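What the coordinates show
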Amino acid sequence: MDSDDHKPQRLFGTSGIRGKIGYAITSELALKMGRALSTLLGPGCRVVVGYDSRTTNQMLEKALSAGILEGGCDVLLLGLAPTPLVGYATKKMGADAGVMITASHNPPQDNGLKVWNSNGMAYRPHQEKALEEIIFKEKFSLAPWDSIGEVKDIKNISQRYINDLIDFVKLEPGLKVVVDCANGAASYISPFLLRKAGCDVITLNSQPDGFFPGRMPEPSAANLQDLMKMVKATHADIGIAHDGDADRMVAVDENGEFADFDKLLSLMASEIGGCVVTTVDASSSIDMALKGKGNVIRTKVGDVHVAYAIAKYKASFGGEPSGTWIHPDFCMCPDGILSALKLIALVKNKGPLSKLLNDIPSFPTMREVINCQESQKNKIMKKTREEFPHLFSDVCESNLKDGVRLSLENGSWVLIRPSGTESYIRITLGGKTSAEAQKIMDKSKNFLGDLL
Ligand code: MG
């Protein structure tokens, strides 16, 4: 342990608890999380536990499970499983909660814990705070020796998940698909599911391996060069890639080109139509693509906010530009495997993918970060809320849910938002043209520069 391993005020970030093994994440923390969860739920409850392919997963699974059992709850062991399977199993088994052990797209040295409700929706901030309070105050309620929980194996449920997904999407067979599982949690699911659904499947990085020897688990264009080349070389119709825990999906078109995150989200949103939820950092292309087909609701960044807004507004679909999409008709948990199946079905019916994406309005995106001390963030954001909208004469919508997001009349947009984890203020924007994007970036940087 080093000196910065002091007791933090918050354990949970925007997507569960994540951090370095041996520092923020230890078996001791997992044990406490297990005890806290069973304390919160009460004795006799059942908790699904799954993990991705990381080298530290079994260590955390054993410690977490010990804490859950000690509180008098049962553990339903899923073993190696993508995050969406944890959400699905929690709902299908009628369990009281689920825990996924994963650090998602983070590097191999990291791990984390994310908690799920009985309906497959991620724990909301107030639920996470309740767990934190029990952990910080060590107010664990432990069961007596004769009421300790039991462990049950539910690994077989993965077959039911695969069959349910195939029934749900009803894909016409015949497409050639290259799938890259990042040596992560989807390795034993996605390739088999796609083959069973009638695709001609070529796999990349589809043996679980916590060292991530094929590529890092973040599904960025830079990390997916092999997938892009493989799609082209094999004349495949589409390439699919997941992050480490497969709640996300990104795609490569039939020419081997990486599909723009925002355009892919807009394409799926316009195909589904109706009320669609996304986050403040999503481009205006989703609003344009949905014109005449539905409406867009924007929430704070983070899949739990998307999930909650879907439930609140009874939306038909929701997603973040990162590729974390929620299909509420199936489950409230983001599902990169279902997203892949739906996208492949769309390409089969109306493709090719490059043409479908070409029809989506494009807003060249720019991103920059400005250094800003933690202590200054509140003051800077207050000034930004008050003064920044006045720099533009054509603001048609101002959204203050998470930073300041302005939509301009021609569809250009800009978001100024403090980073939750680093000493930055982020500027994210999209312009009607590249020249306009540059102009908005200059204006935003000058504005923040003057404040700092
Ligand atoms: Mg993930």
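Residues numbered from 1 in each chain as written. Predicted model: local features only at pLDDT ≥ 70, side-chain atom pairs only at ≥ 80, totals over all residues. Heavy atoms only, no water.

**A closer look at the sheet that holds strand 13 (residues 317–319)**
How we decide: In this scheme, strands are said to pair when DSSP sees at least two bridges between them. The numbering of helices and of strands both runs from the N terminus, where a helix is a DSSP run of H or I of at least 4 residues and a strand a run of E of at least 2. By definition in these notes, contact holds between two residues if any of their heavy atoms fall within 4.5 Å. Every axis in this analysis is a line fitted to C-alpha atoms, fitted for helices over the stretch in contact. Angles between the N-to-C directions lie between 0 and 180 degrees.
Pairing within the open sheet is mixed, and its 4 strands lie in the order 12-11-13-14. Taken across any chain shown, the strands that pair with only one partner, and hence form the sheet edges, are strand 12 (294–299) and strand 14 (325–326). Pairing of strand 11 (residues 274–279) with strand 12, which is carried by 6 bridges, proceeds in the parallel orientation. Of the residues in strand 12, the one forming a bridge with Val 276 is Val 296. Against the sheet, helix 8 (residues 261–272) contacts strand 11, strand 13 and strand 14, and its axis sits at roughly 175° relative to strand 13.

**Here we look at the coordination of the magnesium ion**
What counts, and what does not: Sites may look incomplete because water is not among the atoms; the donors themselves are N, O and S atoms within 2.8 Å of the metal, or within 3.2 Å for Na, K and Ca. The cut-offs for exposure are 20% and 50% of the maximum accessible area for each residue type, with area from a 1.4 Å probe on protein chains only; residues under the lower value are buried, those over the upper are exposed, and the others partly exposed.
Listed as protein donors to the magnesium ion are Ser 104 (OG), Asp 243 (OD), Asp 245 (OD) and Asp 247 (OD); their distances from the metal cover 2.0 to 2.2 Å. Sequence positions of the residues that donate to the magnesium ion give the spacing S-x138-D-x1-D-x1-D. By relative accessible area, Asp 243 is classed as buried at 0%. Owing to a relative accessible area of 6%, Asp 247 belongs among the buried residues under this scheme.

**Notes on the pairing of strand 19 (residues 424–430)**
Counting buried residues in strand 19 gives 5 out of 7 residues, a clear majority hidden from the surface. With 7 bridges joining them, strand 15 (residues 365–371) and strand 19 adopt antiparallel strand pairing. Bridging from a neighbouring strand, Arg 367 pairs with Thr 428 of strand 19. Here strand 18 (residues 413–418) runs beside strand 19; their pairing, made up of 6 bridges, is antiparallel. Following the sheet pairing, Trp 413 is matched in strand 19 by Gly 430. Between strand 18 and strand 19, which follow one another and run antiparallel, lie 5 residues.

**So, the side chain of Asp 262**
We count it as follows: Lys and Arg are tallied as positive, Asp and Glu as negative. Neither His nor the chain termini are counted. Counted as salt bridges are all cases of a side-chain nitrogen of Lys or Arg within 4 Å of a carboxyl oxygen of Asp or Glu.
Mapping Asp 262 onto the fold places it in helix 8. Buried charge without a salt bridge: Asp 262, with Arg 367 as the nearest opposite-charge side chain at an N-O distance of 4.5 Å. Leaving out residues up to four positions away in the same chain, Asp 262 has contacts with Ala 282, Ser 283, Ser 285, Pro 321, Thr 365 and Arg 367.

**Looking at the packing of helix 1 (residues 27–41) against helix 4 (residues 125–137)**
Quick reminder of the rule: The hand of a helix crossing depends on one turn: near helix anticlockwise from the far one by less than a right angle means left-handed, and clockwise means right-handed. Residue polarity is assigned by list, with Asp, Glu, Lys and Arg as charged and Ala, Val, Leu, Ile, Met, Phe, Trp, Tyr, Cys and Pro as nonpolar; anything else, Gly included, falls into the polar class.
Two numbers describe how helix 1 lies on helix 4: the axes approach to 9 Å, and their chain directions differ by 115°. Considering how the two elements wind past one another, helix 1 and helix 4 form a crossing that is right-handed. Counting all contacts with helix 1, which are made through Lys 32, Met 33, Ala 36, Leu 37, Thr 39 and Leu 40, the residues of helix 4 involved are Ala 130, Leu 131, Ile 134 and Ile 135. Here the residues of the contact of helix 1 with helix 4 sort into 8 nonpolar, 1 polar and 1 charged.

**Re the environment of Leu 406**
Of note, Leu 406 is situated in strand 17 (residues 404–408). C-alpha separation for the pair Leu 406 and Val 395, spaced 11 residues apart in sequence, amounts to 6.4 Å. The residues touching Leu 406, leaving out its near neighbours within four places in the chain, are Phe 388, Pro 389, Phe 392, Val 395, Glu 397, Ser 398, Ser 412, Trp 413 and Val 414.

**Some details on the domain arrangement of the protein chain**
This is how it is decided: Residue ranges assigned to the domains are those given by an automatic or database domain assignment. Once two parts are put together, the accessible area they lose, assessed with a 1.4 Å probe and summed over both, is termed the buried area. Within 3.5 Å is the distance limit for a polar contact, defined as a pair of N or O atoms, with the added protein rule that one can donate a hydrogen and the other accept it, and that residues adjacent in sequence qualify only through two side-chain atoms.
Split by domain assignment, the protein chain resolves into domain 1 (4–155), domain 2 (158–358) and domain 3 (365–451). Put simply, the middle of domain 2 and the middle of domain 3, counted by C-alpha atoms, are 29 Å apart. Listed per partner, the contact involves 11 residues of domain 2 and 12 residues of domain 3. Summed over both sides, the interface of domain 2 with domain 3 buries roughly 950 Å², with 50% coming from carbon and sulfur. Per-residue buried area on domain 2 facing domain 3 is highest for Val 280, Ser 284 and Arg 298; these three make up 46% of the total on that side. Across the contact surface, domain 2 and domain 3 share 5 residue pairs in polar contact (both at pLDDT 80 or more).

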